[in-house]
Every structure is written in C-alpha cells, then in structure tokens.
Amino acid sequence: MSKHSIAVLAGDGIGPEVMEQALRALSVVSSKYDFELAYKEYPVGGFAIDTCGEALPKETLAGCEAADAILFGSIGGPKWDTLPLDLRPERAALLKLRSHFDLFSNLRPAKIYESLAHLSPLRPDIAKNNVDVLVVRELTSGIYFGQPKGIEGEGEQTNAFDTMRYSKAEIRRIAKTAFIAASKRKNKVTSVDKANVLVTSRLWREIVEEVATDYPDIELEHLYIDNATMQLVANPGQFDVMLCSNLFGDIVSDECAMITGSMGLLPSASINEAGFGMFEPAGGSAPDIAGLGIANPVAQILSASMMLRHSLNLTEAADCIDNAVLKTLSDGVLTGELLPADQKQNAKSTQDVGDYIISQLSEH
Ligand code: NAD
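Taking an unreviewed UniProt entry as the reference, the chain is identified by name as 3-isopropylmalate dehydrogenase belonging to Glaciecola petra. Here the chain is described in UniProt, under the heading Pathway (unreviewed entry), as follows: "Amino-acid biosynthesis; L-leucine biosynthesis; L-leucine from 3-methyl-2-oxobutanoate: step 3/4." The UniProt entry for the chain carries this comment under Subunit (unreviewed entry): "Homodimer."

Right under this line is the structure:
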C-alpha cells in the first residue's frame, strides 16, 4: 500500500468548509484504491496572522517541506486588507509558497459541463460546443518578477517601469509541461504570445517550436494574445491546452473561468520540476458567504483530484473523483450560485453536495 503525506492548509473564509468535504472524498478513494494519506493541518493566511502573528508561520513552511503535496484552501478577507502589502495573506503566504517551492507550472482546467451550459455568459450554441480547456501558465518568472522594476523621476517626468524577461530554460520547462499535458488530452497546444511586438515572445516562440519537435503527435499553433482572448469567446471549443507566459496566462485563465460561469467549480495546480505541487481552488475565500454552509465544495474536491493525478500519480482515484463530480452536477445536485433565481429554493448545502459526491464515489 502506498503512503503519502499531505500538508493541509485550509486558510480563511470558505476554505475550512470546503476543505472538510475534500478530505472526506479523499478518505473514501484512499480506502477504495488502497493507499494511505497522512494529513497534517497547518495555519495559513489571515487565520495564521491572528493566531501566530504571520501569514506563513515557520512550522507551516516546514510542514509543507516535509509533505508529498500541499492541499490549499483559500486565504484573505476584508479583516486583513488594510495590512501593509507585504504582510497581507496573499503576498506573504501564497506568493511565498510559490517561489519557495519554485512552483513554475500553473495548471487551470476550465470546462463547461453540459448540464451547466446555461451558466456561461456565452451564447448557448457556443457554450455547448465541448468547451474543455487547460491553461498552462508560467508562474514564477516574466514581467511579474523581472528586474529592474520601479519608479523614478519627478512630476510629469515620473517614469514607472517593469521588465519582462524569460530565459530559454524557463520557456523550455513550461513548454514541456504543456506538451505532456496535451498528450494526455486532445493532442493540441496553442501557444499564446505577442511575437509581433515583444522580443521575449519571439524567444518564447522559438523555444516552444524546438520543444514541439520532441512531440510530433501534438499539433502546435501560435496565437497572439489579442486574438486568443477573442477566439476564447467566439469559439472556445477549438482549444485543448493553452500555453501562456505569466502575464498572458493570468488574463487567459480568468477569461476561461468567466466563460464557464462558476468560480466554485474550478480547481488549479501549481507544480515544480520534481512534481511536488500545491493544489487549490481557482477562486478566493468568498468572505460574503463564509460560515453559511452554502459554498460550493466542487473546486476544492477537484483540486484534491488534481493532487492525486499530478503529484501522487494515483490516476484511478482521481478519475473516480472526477466522475463522481460530473454525475453530481448532471444529476442537478447544486449549490445556490449555480441555480437561476427562480430555482434557488432547490439549492443544496455544502454538506449535501459533499454527501452526494461521496455516495457516487462509493458506487462507481
Ligand atoms: P472570490 O473568488 O472569493 O469571490 C468572488 C465571488 O465568487 C463571490 O461572490 C463568492 O461568493 C463567489 N464564490 C467563490 N468561490 C465560491 C464557491 N466555492 N462557492 C460559491 N461561490 C463562490 O473573490 P474575491 O471576492 O475577489 O476575493 C475574496 C478574498 O479572497 C479576498 O481577500 C482576496 O484577496 C482573496 N483571494 C484569495 C485567493 C487565494 O487564496 N488563492 C484567490 C483570489 C482571491
């Protein structure tokens, strides 16, 4: 029986509520597929600021270092919004974890489930056209981290500047991630850049083409970011894997989230070269609904499934969770934010949705 240790960082807002359901789902598949998960919970985010004085306490970081994977909830909320930027939960915990573990590869799947196509702001014929995109975003370099950045000068002559910088090695490793991901999906990579204007994009394109020669069965196309964002609303069904730099991936992954129609459904993974990763819902801590028992647990449960698939190589168990979620959604067992105004009385609670998913896990 394989054994894996998981650092559980539930965080703030709805984090602990949805994490509870994800841990229940993991416990069912671990008995079903005969593996053992040892969880240790650690404080993070606003809760850690209140209880330990900092958003990422040393014992939390040490616990993550000792684990095989990190299952993360969400952090932040109005209570901590007035702290200096460097002390706020997202910067002090999330960004620090990403850079500490060199989690350069960010995977954000976005799918429109047929039974929920009405949630998409896109026209029904477009939304129903098999939309299933995986955004592979470079997460630790590019314009968000490039030096120099700063502000100088005075008055109207004040200049602010950022630096977009990519090395060949950084492009190569994220491109490989995208091609490997595509080989397990629909065999297509769309690389997003701005090679008509940016020098970094020209190097990006050159290296992506080099990497592509190792994957002759994968179709590669290049799109400029402006065209890619237009194509995403005009015909998102054409995409399989979208390979993006940090800045473009930030934009494209949020656009994908929007076209699916629900934040509460979208998981994400951030992984390093050794396969170690942090898995978390794409949305935030939803302070507006925290503590009400109405948060959608699906994104957290699918994040647990991504952990099994991408860091622990437990594919069957991951498939089992994905299928149980699919069945739950198509059976109409939904939290309130997925229902139209005139059907809100049919909304299920976080616990109800968790219970239904658990029952499906045992059946299939
Ligand atoms: P949010 O994603 O928390 O909420 C946006 C909207 O989506 C809200 O109406 C919320 O109720 C809804 N929503 C989100 N997840 C849901 C779920 N599982 N079920 C049902 N509805 C859900 O974004 P926000 O309001 O901009 O941010 C709230 C806080 O979260 C802020 O402090 C922000 O800094 C933080 N944040 C954290 C992360 C993270 O931890 N990775 C990411 C983004 C934002």
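Once you've had a look at it, read on.
A.B. asks: What should I look at first to understand the UniProt feature "binding site: substrate" (unreviewed entry) in the chain in this one?
C.D. replies: UniProt records the feature "binding site: substrate" (unreviewed entry) at Arg98, Arg108, Arg137 and Asp226, using the numbering of this structure. Annotated residues spanning 129 residues; largest pairwise C-alpha distance 27.6 Å, indicating distribution over more than one region. If you trace the backbone, Arg98 turns up in helix H4 (residues 89–100). For Arg98, the residues in contact, after removing those within four places along its chain, are Leu103, Leu139, Thr140, Met278 and Glu280. Relative to the helices and strands, Asp226 resides in helix H8 (residues 225–234). Judged by its relative accessible area of 37%, Asp226 is partly exposed. Among the polar contacts made by the side chain of Asp226, one reaches the side chain of Lys194 at a distance of 3.0 Å.

A.B. asks: Could you clarify how one ought to interpret the UniProt feature "binding site: Mg(2+)" (unreviewed entry) in the chain in this entry?
C.D. replies: Here, the residues flagged by UniProt with the feature "binding site: Mg(2+)" (unreviewed entry) are Asp226, Asp250 and Asp254. The residue Asp250 is located in helix H9 (residues 246–260) in this model. Given the relative accessible area of 26%, Asp250 is considered partly exposed. Beyond its immediate stretch of four places on either side in the chain, Asp250 contacts Arg137 and Tyr144. Among the polar contacts made by the side chain of Asp250, one reaches the side chain of Tyr144 at a distance of 2.7 Å.

A.B. asks: Could you clarify how one ought to interpret the site of the ligand in this entry?
C.D. replies: The full set close to the ligand counts 19 residues, and Ile75, Glu90, Gly284, Ala286 and Asn296 are the nearest of them. A distance of 2.9 Å is found between an oxygen atom of the ligand and a backbone nitrogen or oxygen belonging to Ile75. In the complex, the protein chains occlude 69% of the 810 Å² of accessible area that the ligand would expose alone. Across the shell around the ligand, the residue classes tally to seven nonpolar, eight polar and four charged.

A.B. asks: Whenever I open this one, the sheet that holds strand S3 (residues 69–74) confuses me. Can you help?
C.D. replies: In a beta sheet, neighbouring strands are held together by backbone hydrogen bonds and run either parallel or antiparallel to one another. Pairing in this open sheet of 10 strands is mixed, and the strands run S2-S1-S3-S12-S11-S4-S5-S10-S8-S9 from one edge to the other. Taken across any chain shown, the strands that pair with only one partner, and hence form the sheet edges, are strand S2 (35–41) and strand S9 (219–224). The mean inter-strand angle of the sheet, taken between neighbouring strand axes irrespective of direction, is 25°. By the bridge criterion, three bridges tie strand S8 (residues 188–193) to strand S10 (residues 241–244) in an arrangement that is parallel. Pairing of Val189 across the sheet is with Val241, part of S10.

A.B. asks: Would you take a moment to explain the side chain of Ser311 for this structure?
C.D. replies: When you line up the elements, Ser311 lands in the loop between helix H10 (298–310) and helix H11 (315–330). One polar contact links the side chain of Ser311 to the main-chain amide nitrogen of Gly277, over a distance of 3.3 Å. Ignoring anything within four residues of it in the chain, the contact list for Ser311 reads Asp68, Ala69, Gly275, Phe276, Gly277, Phe279 and Met306.

A.B. asks: What am I meant to see in helix H2 (residues 45–52) here?
C.D. replies: Helical geometry: 3.6 residues make up each α-helical turn, so side chains three or four residues apart lie on a common side. Among the residues of H2, those classed as buried are Gly45, Gly46, Ala48 and Ile49. The arc that holds the buried residues of H2, viewed along the axis, is 160°, so those residues lie on one side. Structurally, H2 contributes buried residues whose contacts are with H4. Just beyond H2, the residue with positive phi is Gly53, at close to 90°.

Here is what the cut-offs are and how they apply
- Residues numbered from 1 in each chain as written.
- Predicted model: local features only at pLDDT ≥ 70, side-chain atom pairs only at ≥ 80, totals over all residues.
- Heavy atoms only, no water.
- UniProt positions renumbered as here; feature names shortened; annotations may be inferred.
- Helix = DSSP H or I, 4+ residues; strand = E, 2+ residues; numbered from the N terminus.
- Contact = heavy atoms within 4.5 Å.
- Buried < 20%, exposed > 50% of the residue type's maximum accessible area, 1.4 Å probe, protein only.
- Polar contact = N/O pair within 3.5 Å; in protein donor to acceptor, adjacent residues only side chain to side chain.
- Near = heavy atom within 4 Å.
- Areas by Shrake-Rupley, 256 points an atom, 1.4 Å probe, with all protein chains shown as cover.
- Nonpolar A, V, L, I, M, F, W, Y, C, P; charged D, E, K, R; others polar.
- Pairing = 2+ DSSP bridges.
- Axes fitted to C-alpha atoms, helices over the stretch in contact; angles between N-to-C directions.
- Arc of directions from axis to C-beta.

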